[in-house]
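If you want the building blocks of each chain, they are given just below.
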There are 2 protein chains.
Amino acid sequence: MAHGHLDLLLLAVLRRGGPQHGYAVIAGLREASDGAFDLPEGTVYPALHKLERDGLVQSEWSSEDGRKRRVYALTGAGRTALVARKTEWAMFRSGVEAVLA
Amino acid sequence: MAHGHLDLLLLAVLRRGGPQHGYAVIAGLREASDGAFDLPEGTVYPALHKLERDGLVQSEWSSEDGRKRRVYALTGAGRTALVARKTEWAMFRSGVEAVLA
DNA sequence: CTGCCATACCTAGATGATCTAGGTATGGCT
DNA sequence: AGCCATACCTAGATCATCTAGGTATGGCAG
C-alpha cells in the first residue's frame, strides 16, 4: 500500500500534526490522504519502532485521560530525514512522470 | 528502486517504444527517466517473465542481425492494465502529495 | 452493572517484490 | 585471438509490508 514510502508518510504526518500516538498517526494518515492510505496497525507500529531505533522519532508513554498511550515526536534527525525523503520522493515522482509522459 | 511500481514502468516503456527486447527496456527506462531508474537485469527479466505469465505482454525470439533476442510486446490486456496502473499511480501520487502538503 | 465496541498497543510469521551475485553465449572491434 | 558490450537467465538473499493473531481499558447501551 505505501510501496516503500512509508517512512516518508509517517514522518510527514508527525510533522503536520505534531507529537501524537500511533493510533492517531494511523487516523491522521488516513484523513490527510483522503482515505488513500488506510494502513493496518501491524504495518504502522513496527515502522514507528524502526524509526525510533534509527533515531528519527522519540517516544514517551503518556497517561493523560487515564489512557496509556505511546506518544511519538520527530527528533532533529527526523526532521532532517524528512527533508531528504521529500527530495527522494520528488525525484522518484518526476522519474515516473517522465516515463509515463 | 522502483518501489512497487515496476510493472507500471515496464508497461509504460513498452507502450512508448513499441515491441522491444529486455535489454532495450532497461536502457529505455534509464533514458526516459533521465537516469532515475537504472535497474539491474536481475530485476527486470523476472519482472517481464511475470508480466508474460499474467498475459500483459507477449514475447517472441527474434534473430534479426543474427543476434538472438526475446522481443516483448504489450497485449490488449497489457494496454488495459497500463491504464489501470496509471490510475492507481495517480491516486498514490496525490495521496502522498496531500500528506506532504 | 454488565457486556460490548472502539481505542490502543503489540508481535511472530507469511508474503511478495526487488536485488545480489552469480552464470552462459555471441557479435564486433582491436 | 582476445576482449568487451550486448543479451539472456536463475537461485537465493534481503527487506518492506501485511495477516492474523494476541492483550488491556475506557465509555456507552441496555
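Everything below is about the structure printed above this text.
Residues numbered from 1 in each chain as written. Chains lettered and ligands numbered in written order. Predicted model: local features only at pLDDT ≥ 70, side-chain atom pairs only at ≥ 80, totals over all residues. Heavy atoms only, no water.

### A word on the side chain of His-5 of chain B
Selection rule: We count a stretch as a helix when DSSP gives it H or I for four or more residues in a row; a strand needs E for two or more, and each element gets its number in order from the N terminus. The contact criterion used is simple: two residues touch if any of their non-hydrogen atoms lie within 4.5 Å.
With respect to the element layout, His-5 of chain B can be found in the segment before helix H1 (6-17). Among residues more than four places away in sequence, those in contact with His-5 of chain B are His-3 and Phe-92 of chain A together with Trp-89 and Phe-92 of chain B.

### Thoughts on the relation of the copies chain A and chain B
Note the threshold: Overlaid copies result from least-squares superposition on C-alpha atoms, with residues included only where pLDDT is at least 70 in both.
When chain A is fitted to chain B, the residual RMSD is 0.0 Å, and the transformation amounts to a turn of 180° plus an axial shift of 0.0 Å. What the superposition gives is, in effect, a two-fold axis relating one chain to the other. For chain A, the minimum C-alpha distance to the rotation axis belongs to His-3 of chain A and amounts to 2.7 Å. The residues that chain A uses at the interface reappear at the interface of chain B in 100% of cases, marking a shared surface.

### Let's talk about the interface of chain A and chain B
Applicable threshold: Buried area counts how much accessible surface, traced with a 1.4 Å probe, disappears from two parts once they are put together, with both parts' losses summed. Salt bridge, as used here: a side-chain nitrogen of Lys or Arg that lies within 4 Å of a carboxyl oxygen of Asp or Glu. Contacts described as polar in this section are N or O atom pairs within 3.5 Å, which, within protein, must combine one atom able to donate a hydrogen with one able to accept it, while residues neighboring in sequence count only if both atoms come from side chains.
Each partner contributes residues to the interface: chain A has 26 residues there, and chain B has 26 residues. Together chain A and chain B conceal approximately 2,200 Å² of surface at their shared face, both sides included; 72% is due to carbon and sulfur atoms. Where chain A touches chain B, the interface holds two salt bridges. In this structure, Glu-97 of chain B and Arg-93 of chain A form a salt bridge, with 2.5 Å as the shortest nitrogen-oxygen distance. Scanning the region where chain A abuts chain B turns up ten residue pairs in polar contact (both at pLDDT 80 or more). Among the secondary structure elements, those contributing two or more residues to the side of chain A that touches chain B are helix H1 (6-17), helix H2 (22-32) and helix H4 (76-100) of chain A. The greatest single-element share of the side of chain A that touches chain B, amounting to ten residues, is contributed by H4 of chain A.

Purely geometric numbers; function is a separate question.
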